Amino acid sequence: NPSKFPPVVPRKSSPKDKLPLYDDSTFGGRLRLMRKQRDWTQAELARYIGFGLHRKVYTQEVSRWERGTVPPSGATVRAILLAFSLAGFDNWLLSG
C-alpha cells in the first residue's frame, strides 16, 4: 500500500546551523535570551516595551535590536528594563 505523502528529504545543513542559539555576549543576544526565558514572542515584548515608551513598538524593532542591526535608544533600554522588571540588571544587559 503506497503512502499518500512523499518521503521526507532531510535538508542540507547551512552555516547558520553552526551558530549558537543565544549569544549572550551582545545586547541583542541577552535581550533574546531574556525574552525566550519568559516564553514571550517578539510581539509580546514589543507591547510591553511600548507601555513604558507610551507608543507602539513594532516587532521589526525588537528583531533589529536582537540581531544587533539597530541599537535601541536610551529611553528604549529603560523601557526594556521595565518590561523585564530588571532595573537593577542594566549593567549585565548593556555590558559586552
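Residues numbered from 1 in each chain as written. Predicted model: local features only at pLDDT ≥ 70, side-chain atom pairs only at ≥ 80, totals over all residues. Heavy atoms only, no water.

Let's shift gears to the packing of helix H1 (residues 27–37) against helix H4 (residues 74–84). Axis angle and axis distance: for two packed helices, these are the angle between their axes and the distance between the axes, and together they describe the pair. At their nearest, the axes of H1 and H4 sit 11 Å apart, and the two run at 25° to each other. Relative to H4, the element H1 lies roughly parallel. The handedness of the crossing between H1 and H4 comes out as left-handed. Packed against H1, whose contacting residues are Phe27, Leu31, Met34 and Arg35, the element H4 presents Val77, Ile80 and Phe84 at the interface. Residue composition of the contact of H1 with H4, grouped by class: six nonpolar, no polar and one charged. (Axes fitted to C-alpha atoms, helices over the stretch in contact; angles between N-to-C directions. Helix = DSSP H or I, 4+ residues; strand = E, 2+ residues; numbered from the N terminus. Parallel < 35°, antiparallel > 145°, perpendicular 65-115°, else oblique. Left-handed = near helix turned anticlockwise from the far one by under 90°. Contact = heavy atoms within 4.5 Å. Nonpolar A, V, L, I, M, F, W, Y, C, P; charged D, E, K, R; others polar.)

We now examine the packing of helix H2 (residues 42–53) against H4. In contact at an axis separation of 8 Å, H2 and H4 are set at 115° when each is read in the N-to-C sense. Of the two elements, H2 crosses H4, and the hand of that crossing is right-handed. When H2 is examined against H4, the residues Leu45, Tyr48, Ile49, Gly52 and Leu53 are found in contact with a partner set consisting of Ala75, Thr76, Ala79, Ile80, Ala83 and Phe84. Among the residues making up the contact of H2 with H4, the classes are represented as nine nonpolar, two polar and no charged.

With that out of the way, let us pick up the side chain of threonine 76. Inspection of the secondary structure assignment puts threonine 76 in helix H4. Judged by its relative accessible area of 4%, threonine 76 is buried. Other than its neighbours up to four places away in sequence, threonine 76 contacts Ile49, Leu53 and Trp65. (Buried < 20%, exposed > 50% of the residue type's maximum accessible area, 1.4 Å probe, protein only.)

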